[in-house]
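# Notes for the structure review
The chain contents come next:
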Amino acid sequence: MVLDDIAIIWQIKNIKLKSGQFNTSDIEKAIRQCRGARRRLLKLGTVNFKNVSGKSKVIDTTKIKEVFLIAAIEGGMPDFGRYYDDGNNSGNVHIFFENFTRFAVKHLNTVSDFVEYLRYKEKFLAIHKNIILMAGGEEDLLAIYLQNKRTFGNMGEAENVDMMLMDLEGAADELENKDEDYAEKLEADYWSKGWDELIERKRVGRLILDGTQDNSPDHDKFLQKMMSHNRFERRVLGKQFFDAAAQAAKYPYKESIVYRRLIPQDGHNITYLFLFVGDQNTPREYRQKVLYTTALAAKQIMPQNDMLIAIASELHMIKTPNCSFEWVMLDMTADEFEKGYGDRAREYREKLNIWKNVKMHESHAWEYPSDAREQVKKKTDKNNA
């Protein structure tokens, strides 16, 4: 699995349990094969892969900066076992047993969330090399991580210890069945499904700037950026998109009415533009032109981010069955944009009165709704003090 400059190599083996344990040599073989795959991948250079849709994609492995190795062992749950093999420069291998594989994919269901956990785990174990899991599987360790705002809680604060004994049994069950804060978070994540749906719509769509085909590098770059957000970020973006759609639907329908919203994501070097105009009878060429001119204007007033992704749909999208979408992507520095498109963007802004009186709104969001309530309580207590 390759996304931008990150690669995840899965080595999946079905091994039979013997007396409650897997054969050590089988585990060692899986670890060696993971490292061998890593060496081969990094030596490939430019190579053609086929994605899940059967389409060929060109990958330049020289641009890969991080490789995560996973030996996923199916066939049952051992009575005890190790979950990690420190390979120094040859590559660290995460050993997943079947319960944890399913738990991890369920709770870390974006590449960003998944990689963030693997990265944190590697850093933690590099510092705390002498760790024994006395009870519980790695699903319990991941549960602790999720319950402690993506840390291992006070375990991560331990320093200068020769051995750490951890009894984590039951943490995974508590997370899924008893943790009200986490349940509330999952409920709030409902909005992120909207962003997932936009990704899927884009996967089968096309850019409009120059008739770019869906197997072009720009199409891949477009998807990679939209997919790079973690679950919480997708929730925020999905909610912003559908809130913009709801606001647009409040206007009486006129083909001349255009509702626009800009969402800068400076930490990701991208600005999103959501635009709503026309209906299903509006010529798509008209909506594409409106989107393109607005995207140029938006790029000019938001020069801090190199990439801009613009998405357009019907003015009354939320009332429209089988709504359609248009897409634009711009990816260049502010100087490059000014040289190539600056005069044109200023002309569009002047003639079409685009982004002349921008209304700025600042919003705050918390991954766990309980944290938002805690912030309000602290502010109230401070004001009453």
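Residues numbered from 1 in each chain as written. Predicted model: local features only at pLDDT ≥ 70, side-chain atom pairs only at ≥ 80, totals over all residues. Heavy atoms only, no water.

### Side note on the overall build of the protein chain
The condition that has to hold: Strands are runs of DSSP state E lasting at least two residues, helices are runs of H or I lasting at least four, and both sets are numbered from the N terminus onward. Think of it in three bands: residues with accessible area under 20% of the maximum for their type are buried, residues over 50% are exposed, and the middle band is partly exposed, with areas taken using a 1.4 Å probe on protein chains only. Contacts are assigned to residue pairs with any non-hydrogen atoms lying within 4.5 Å of each other. Each accessible area is a Shrake-Rupley estimate made with a 1.4 Å probe; only the visible protein chains count as cover when residues are assessed.
Summing up its helical and strand segments, the protein chain has 12 helices and 13 strands in all. For the protein chain, the spread of C-alpha atoms along the principal axes amounts to about 75 × 65 × 40 Å. By the burial criterion, 45% of the 385 residues in the protein chain qualify as buried. Excluding contacts between residues fewer than 6 apart, the proportion of contacts in the protein chain whose partners are at least 24 apart in sequence is 70%. Accessible surface, the protein chain: about 21,200 Å² in total, of which carbon and sulfur atoms supply 49%.

### A closer look at the sheet that holds strand β13 (residues 326-331)
As a reminder of what qualifies: DSSP-based pairing: two strands are paired if at least 2 bridges between them are found. All axes here are fitted lines through C-alpha atoms, helices being fitted over the stretch that makes contact, and every angle between N-to-C directions spans 0 to 180 degrees.
Pairing is mixed across the open sheet formed by 4 strands, whose spatial order is β10-β11-β12-β13. One side of each edge strand has no neighbouring strand; the edge strands of this open sheet are β10 (258-265) and β13. Across the sheet, the mean angle separating the axes of adjacent strands is 15° when strand polarity is ignored. Bridge count between strand β12 (residues 307-313) and β13: 6 bridges; the pairing is antiparallel.

### Remarks on the packing of aromatic side chains
Aromatic ring pairs are defined here through the distance separating the ring centres and the angle between the ring planes. Spelled out, the test is: Planes of paired rings set the category: under 30 degrees apart is stacked, over 60 is edge-to-face and the rest tilted, where pairs are Phe, Tyr or Trp rings (Trp by its six-membered ring) whose centres lie within 6.5 Å. For a ring to carry a charge above it, either NZ of a lysine or CZ of an arginine must fall within 6 Å of the ring centroid while also lying within 35 degrees of the normal to the ring plane.
Counted by the stated rule, this structure contains 26 aromatic pairs. The residue whose ring lies beneath Lys 149 is Tyr 368, and the NZ or CZ to ring-centre distance is 4.6 Å. Above the plane of the ring of Phe 222 lies Lys 202, whose end atom (NZ or CZ) is 5.1 Å from the centre.

### Comments concerning the pattern of salt bridges
One side chain can pair with another of opposite charge once the charged atoms of both are near each other. To keep it simple, the criterion reads: By convention in these notes, a salt bridge is any Lys or Arg side-chain nitrogen within 4 Å of a carboxyl oxygen on Asp or Glu.
Under the defined criterion, the tally for this structure stands at 24 salt bridges. Of the charged contacts in the structure, one is a salt bridge between Arg 119 and Glu 66, with a shortest N-O distance of 2.6 Å. A residue pair is termed long-range when its members are at least 10 positions apart, and Arg 119 in helix α3 (residues 111-127) and Glu 66 in strand β5 (residues 66-74) qualify at 53 residues. With a relative accessible area of 25%, Glu 66 lands in the partly exposed category. For Arg 235, the salt bridge is made with Asp 189, and the minimal N-O distance between the two is 2.9 Å. Placement of Arg 235 in helix α9 (residues 231-248) and of Asp 189 in the loop between α6 (180-188) and α7 (192-203) is noted, with a sequence separation of 46 residues between them. For Arg 235, a relative accessible area of 7% corresponds to the buried category. You can call Asp 189 buried: its relative accessible area is 7%. In the salt-bridge network here, residues are joined through shared partners; they are Asp 113, Arg 150, Lys 185, Asp 189, Arg 235 and Glu 367.

### Some details on the packing of α3 against helix α4 (residues 138-147)
How we decide: Angles below 35 degrees are treated as roughly parallel, those above 145 as roughly antiparallel, those between 65 and 115 as roughly perpendicular, and all remaining angles as oblique. Polarity classes work like this: nonpolar for Ala, Val, Leu, Ile, Met, Phe, Trp, Tyr, Cys and Pro, charged for Asp, Glu, Lys and Arg, and polar for all others, with Gly in that last group.
Viewed as axis vectors pointing N to C, α3 and α4 meet at an angle of 100°, and their least axial separation amounts to 12 Å. Taken together, the axis directions place α3 and α4 in an arrangement best described as roughly perpendicular. Along the contact surface, α3 presents Glu 116, Tyr 117, Tyr 120 and Lys 121, while α4 presents Glu 138, Leu 141, Leu 142 and Tyr 145. Partitioned by chemical class, the residues of the contact of α3 with α4 number 5 nonpolar, no polar and 3 charged.

### Overview of α3
Where we set the bar: Helix span, expected: 1.5 Å multiplied by one less than the number of residues in the helix.
Given a rise of 1.5 Å per residue, 17 residues ought to cover 24 Å, and the 25 Å separating the end C-alpha atoms of α3 matches this to within 8%. All of the buried residues along α3 are Val 111, Asp 113, Phe 114, Val 115, Tyr 117, Leu 118, Lys 121, Glu 122, Phe 124 and Leu 125.

### Structural notes on the environment of Leu 315
Inspection of the secondary structure assignment puts Leu 315 in the loop between β12 and β13. Residue class for Leu 315 comes out buried when judged on its relative accessible area of 0%. Once the C-alpha coordinates of Leu 315 and Glu 255 are considered, the two residues, 60 residues apart in sequence, prove to be 8.6 Å apart. Ignoring any residue separated from it by four or fewer positions in sequence, one finds Leu 315 in contact with Ala 245, Ala 248, Ala 249, Pro 252, Tyr 253, Lys 254, Ile 257, Tyr 259, Phe 276, Val 277 and Gly 278.

### Description of the sheet that holds strand β6 (residues 84-85)
Reading across from one edge, β1-β2-β5-β7-β6 is the order of the 5 strands in this open sheet, with mixed pairing throughout. Edge strands, defined here as strands with exactly one partner in the open sheet, are β1 (2-3) and β6. Where β5 lies against strand β7 (residues 93-97), 5 bridges are found, and the strand directions are parallel. Among the inter-strand pairings, Ala 71 is bridged to a residue of β7, identified as Ile 95. Its contacts with the sheet place helix α2 (residues 98-107) against β2 (6-14), β5 and β7, and it is angled at close to 100° to β7.

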